[in-house]
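Chain and residue survey
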Amino acid sequence: MHLLELFAIAVGLSMDAFAVSVCKGLSLRSYRPGRSLLAGLYFGGFQALMPLLGWLLGVRFQQVIVRVDHWIAFVLLVLIGANMLREARQEGESLDEAMGPRAMLPLAVATSIDALAVGVTFAFLQVDILPAVLFIGVTTFILSAAGVKVGAVFGSRFKSKAELAGGLILIGMGIKILLEHTLLA
């Protein structure tokens, strides 16, 4: 696999994580660089881990993974997005700026499910897996860390609508993933 192809895959896989990072940045009351680092570690780490797991599973379990990956991502993103919408409607409720494992782990898993299937494909293509997953992880780390900063900059100007927009984006991403897999299958 050529570097340009791997770069395109890495950027494509990281777009969901970037969008969620922007939403997280929107929810922050004040920006701290550690928040960008944390988002980058969660999202970059899972974007590297999932293709490795997919590669390890390989051909043996390909049909099972492909049949359910979109449902897992859909359910996680819709539940998280619906919770954000609920919180946005509550008077005086502060935005959810939590970045602990309870908040970040479901987001990291949901945004990296596609990468599991990519890892299975890598097994078919006999891709040198360690450099590939490191490249994907680093690319996602950089874009996710930048996403938190971008969201924080806009969040200070649009605080009242940030959680509503974030919830709608997450639900939209979940629906998009589901439709891509069910209509194109």
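Let me begin by describing the structure that accompanies this report.

**Examining the overall build of the protein**
Each helix and strand in the protein was counted, giving six helices and zero strands. In sequence order, the protein lays out its α and β elements as α-α-α-α-α-α. Residues counted as buried form 44% of the 185 residues belonging to the protein. Restricting the contact set of the protein to residue pairs at least 6 apart, pairs at least 24 apart contribute 95%. Accessible area for the protein stands at about 9700 Å²; split by element, carbon and sulfur atoms hold 70% of it.

**Observations regarding the pattern of salt bridges**
Applying the stated criterion across every chain, the model contains one salt bridge. Across the pair E180 and K176 runs a salt bridge whose closest N-O atoms are separated by 3.2 Å. Placement of the pair is E180 and K176 together in helix α6 (residues 159-183), with a separation of four residues, close to one helical turn.

**Observations concerning a nonpolar patch on the surface**
A cluster of nonpolar side chains, contributed by L49, L53, W55 and L56, occupies part of the molecular surface with about 350 Å² of accessible area. Note that L56 resides in helix α2 (residues 33-57).

**Description of α2**
When the terminal C-alpha atoms of α2 are compared, their 36 Å separation across 25 residues agrees well with the 36 Å that a helix rising 1.5 Å per residue should span. Once α2 finishes, G58 follows within two positions and takes phi at roughly 55 degrees, a positive value.

**A few points about the side chain of T140**
Checked against the element boundaries, T140 lands in helix α5 (residues 129-155). When near neighbours in sequence (up to four residues on either side) are disregarded, T140 contacts A10, S14, A17, F43, G44 and Q47.

**Thoughts on helix α4 (residues 101-125)**
With 25 residues, α4 extends 34 Å from end C-alpha to end C-alpha; this agrees with the ideal 36 Å at 1.5 Å per step. S112 marks the point of greatest bend in α4, at about 40 degrees. After α4 finishes, the residue Q126 shows a positive phi value of roughly 55 degrees.

**Considering the side chain of S14**
Here S14 lies in helix α1 (residues 3-26). The class for S14 is buried, based on a relative accessible area of 0%. Engagement of the side chain of S14 in a polar contact is seen with the backbone oxygen of V11, the distance being 2.9 Å. Apart from the residues within four sequence positions on either side, S14 is in contact with T139, T140 and L143.

Parameters at a glance
- Residues numbered from 1 in each chain as written.
- Predicted model: local features only at pLDDT ≥ 70, side-chain atom pairs only at ≥ 80, totals over all residues.
- Heavy atoms only, no water.
- Helix = DSSP H or I, 4+ residues; strand = E, 2+ residues; numbered from the N terminus.
- Buried < 20%, exposed > 50% of the residue type's maximum accessible area, 1.4 Å probe, protein only.
- Contact = heavy atoms within 4.5 Å.
- Areas by Shrake-Rupley, 256 points an atom, 1.4 Å probe, with all protein chains shown as cover.
- Salt bridge = Lys/Arg side-chain N within 4 Å of Asp/Glu carboxyl O.
- Patch = residues over 30% accessible without salt bridge, like charges linked within 9 Å, V, L, I, M, F, W, Y side chains within 5 Å.
- Expected span 1.5 Å × (residues − 1).
- Bend = angle between axes of the 7 residues up to and from the residue.
- Polar contact = N/O pair within 3.5 Å; in protein donor to acceptor, adjacent residues only side chain to side chain.

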